[in-house]
Every structure is written in structure tokens, then in C-alpha cells.
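# Architecture and fold: a report
Read off the chains here:
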Amino acid sequence: MEVQETRVQTDRILTIPNLLSMGRLVGVPVFLWLILWPVFGGPNNDGWAIALLMVSGVSDYLDGKLARRWGQISRLGQILDPAADRLYVLSTLIGLTWREILPWWVTALLLAREVFIGSLLPILSRYGYGPLQVSFLGKAATFNLMYAFPLLLLGAGSSWISATAEVVSWAFIWWGTVLYWWAGILYAVQARQIVKAARAAAA
């Protein structure tokens, strides 16, 4: 099973991994503002938006790695990390779709997956469980999408570099979308197993 429960190792809030996750969350509205500014008559800041996405991707890798290496896995970190991932994906979908760089049907596919996962949370909560931990497959899907979106933004230009970036970005988008849904299905399978075990224990 890809999705596993990771043991909390610390109750501390101000750890380096948590600060990295918090920093990523703070960057979400900044990124959305940068990418949507041209829509409202402002200058094009796609370069800064791409840079922010790249920094976010690096910090996403570091927070989990450092938390495991330094024994700083915390319940707060288990909430902040996937929240930051989802908010970056959501803000990027909104921005790129609004600017007509990303087709609406791709956005619909990815948002449908989020609705699907969200529908499982009340069921888990009913049996005393919070959100399950993000799987390696889910992280791989997020990385694919986080690579795809800046490349797609770069591909909006007219140079040969833009043409190449667009082709590569779509490869990442397709892989990311498939993996995103695959991880979601595995999440649902584990949720079903947990509910089944809880019902059996209650009986």
C-alpha cells in the first residue's frame, strides 16, 4: 500500500521543516498575484512566478527530507505539507486557466480528484481519523505537476525555447494527472480498509 501512516516524532511547532512549509503557504497568494497581474492590466511577471514555483518545489523536497533526517516529523507538518501542495496546485490551475494557458478540461480533471479526496475526509473523521498521510506516489504526482506548470508558463512565449518547454510541460502534465488520480484511488482504498477495520472492531 502506497499511503502509510507516519509516526509523529515531535510536538514542536517551530521546526525548520514546519517553517519551510509555512513559507510555501505564504508564497501561494504571492504567486497567484504575480500570475494574474497581467489579466488586470499589470506588467507580465511570469519570470518571478516561475522562480517562486521553483523555490516552492525545492522547499517541498527539503521539508520532508529534513523532517525525517532530524526526527522532526510533527502532526502540524503532516497537515501543512499536503495543504501547501494542494494550494499551489489549485492557485496554479486558477491562474493558468484564467489566462487561457491551460485548457479548462485539464483543470476539471485535477479539481475532480480534489473533490473526490475531500469527500472521503468526513467518512474518516466519523471513525476518528484525520487526513491520511501523502503517499510517495502522491508526492511524485505533485512534483510532476509542479515541474509542468512553470514549463507551461514558459511555453506561452514565441521562441524555440518556449516551443520546447510547451512540449515537455505537456508530458509532465499527463504523467502528473495520471499519477494524481492513481494516488487518489489508493487513498480511497486505504480509507475503505480503515473504515472496514473500525466497523469490525466496533462489532
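This text follows the structure it describes.
So, here is what we can say about the structure in this document. (Residues numbered from 1 in each chain as written. Predicted model: local features only at pLDDT ≥ 70, side-chain atom pairs only at ≥ 80, totals over all residues. Heavy atoms only, no water.)

### Side note on the side chain of T142
Among the structural elements, T142 can be located in helix α5 (residues 136-154). Residue contacts for T142: discarding those within four places in its chain leaves D60, D85 and Y180. (Helix = DSSP H or I, 4+ residues; strand = E, 2+ residues; numbered from the N terminus. Contact = heavy atoms within 4.5 Å.)

### Remarks on the packing of helix α3 (residues 75-98) against helix α4 (residues 104-126)
One way to put it is that α3 packs onto α4 with a least axis distance of 10 Å and a crossing angle of 155°. Accordingly, the angle class assigned to the pair α3 and α4 is roughly antiparallel. Our pair here, α3 against α4, has a crossing hand that is left-handed. Residues R86, L90, L93 and T97 of α3 touch α4, and the partners they reach there are W104, T107, L110, L111, R113, E114 and I117. Looking at the contact of α3 with α4, its residues break down into 6 nonpolar, 2 polar and 3 charged. (Axes fitted to C-alpha atoms, helices over the stretch in contact; angles between N-to-C directions. Parallel < 35°, antiparallel > 145°, perpendicular 65-115°, else oblique. Left-handed = near helix turned anticlockwise from the far one by under 90°. Nonpolar A, V, L, I, M, F, W, Y, C, P; charged D, E, K, R; others polar.)

### A look at the environment of W105
Relative to the helices and strands, W105 resides in helix α4. Classification of W105 as partly exposed rests on a relative accessible area of 35%. The residues contacting W105, other than those within four sequence positions of it, are W170 and W174. (Buried < 20%, exposed > 50% of the residue type's maximum accessible area, 1.4 Å probe, protein only.)

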